[in-house]
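A look at the structure
So the chains spell out like this:
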Amino acid sequence: LLLGLFITVPTAIKAQAAATPVIEVLRVEGTIVPIVADYIDRGISQAEDNNATVLIIELNTPGGLLNSTEEIVQRIMNANVPIVVYVAPKGAWAASAGTFITLSAHIAAMTPGTTIGASHPVSGGGEAIPEDQMKKITEFSAKWMKTIAEERGRNMEEAQLAVTESKSFTDIDALKVNLIDLRANNLPDLIAQIDGRKVTLANGTEVSIDTTGYELTRNEMSMIEGFL
């Protein structure tokens, strides 16, 4: 029994030390619609099941549907894996719905040459919305944006201006006013910068992100998801 004990404990420690951090990556390009919400939900669930070190969502969107945005934000904020939303590549934007999604992440990042903001609600078909209804929608969206920013320790006032005044921010502006956490030139640069950062998960656990010797896995949309 003692022999078994002395063999088992060092082996377990060695196996744990040799574990390679797994980083999973999702790619969202285009309008935020229900299938995108489903894709992100699936990706987060997979990252949780795989005990991933971190999940990175590369984002480039002009905006999208409010209900799909709500689903995505709720899933991100209730995730039990560290989530980074990374506005990329250069020239990309996280407008309207994309701003809510970016600010909801544990870590928000942008590539130089990207923009965020312009989140004032509009109708999907371009038709006019009655003034009283628009006021209610705008007030709700602004309060929701404030709640997200407050939860993540971001600038609540500037976040609300993205809704009430359709204010936009370059990556430099967004970092300066504390809407995002960092700027990264590319994915390897991002991964290097998040190493050692601490985040608190939905279950209350504080974790320190370790990307040393990481293994990268891209979780692409399925053919059906891409078609839809």
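Since the model is a prediction, treat every value here as computed from it, not as a measurement. (Residues numbered from 1 in each chain as written. Predicted model: local features only at pLDDT ≥ 70, side-chain atom pairs only at ≥ 80, totals over all residues. Heavy atoms only, no water.)

With that settled, the discussion passes to the sheet that holds strand E4 (residues 93-95). Whenever strands of a sheet pair, they do so through backbone hydrogen bonds, lying parallel or antiparallel. One open sheet holds the 3 strands; their spatial order is E4-E6-E7, and the pairing between them is mixed. The sheet is open, and its two edges are formed by E4 and strand E7 (168-170), each paired on a single side. Between one strand axis and the next, the sheet turns through 15 degrees on average, direction left out of account. Two strands pair when backbone bridges link them, and strand E6 (residues 115-117) and E7 are joined in this way by 3 bridges, in the antiparallel orientation. (Pairing = 2+ DSSP bridges. Helix = DSSP H or I, 4+ residues; strand = E, 2+ residues; numbered from the N terminus. Axes fitted to C-alpha atoms, helices over the stretch in contact; angles between N-to-C directions.)

Once that is clear, we can look at the sheet that holds strand E1 (residues 22-29). A sheet is described by the order of its strands in space; here 6 strands give the open sequence E8-E5-E3-E2-E1-E11, paired in parallel fashion. Strands with a single pairing partner mark the edges of an open sheet, and in this sheet they are strand E8 (182-183) and strand E11 (215-218). Relative to strand E5 (residues 107-110), strand E3 (residues 83-87) runs parallel, the two sharing 4 bridges. Looking at the pairing, Val 84 lines up with Ile 107 of E5.

Scanning the model with the defined rule gives 7 salt bridges in all. Across the pair Arg 154 and Asp 181 runs a salt bridge, and its minimum N-O distance is 2.8 Å. Placement of the pair is Arg 154 in the loop between helix H5 (131-151) and helix H6 (156-164) and Asp 181 in the loop between helix H7 (171-176) and E8, with a sequence separation of 27 residues. Look at Asp 181 and you get partly exposed, because its relative accessible area is 26%. The partner of Asp 171 in a salt bridge is Arg 183, and the shortest N-O contact between them spans 2.5 Å. Linking Asp 171 in helix H7 with Arg 183 in strand E8, this pair joins segments that are 12 residues apart in sequence. Owing to a relative accessible area of 4%, Asp 171 belongs among the buried residues under this scheme. When salt bridges that share partners are traced, they join Asp 41, Glu 48 and Arg 75 into one network. (Salt bridge = Lys/Arg side-chain N within 4 Å of Asp/Glu carboxyl O. Buried < 20%, exposed > 50% of the residue type's maximum accessible area, 1.4 Å probe, protein only.)

Function cannot be inferred from these measures alone, as they are strictly geometric.
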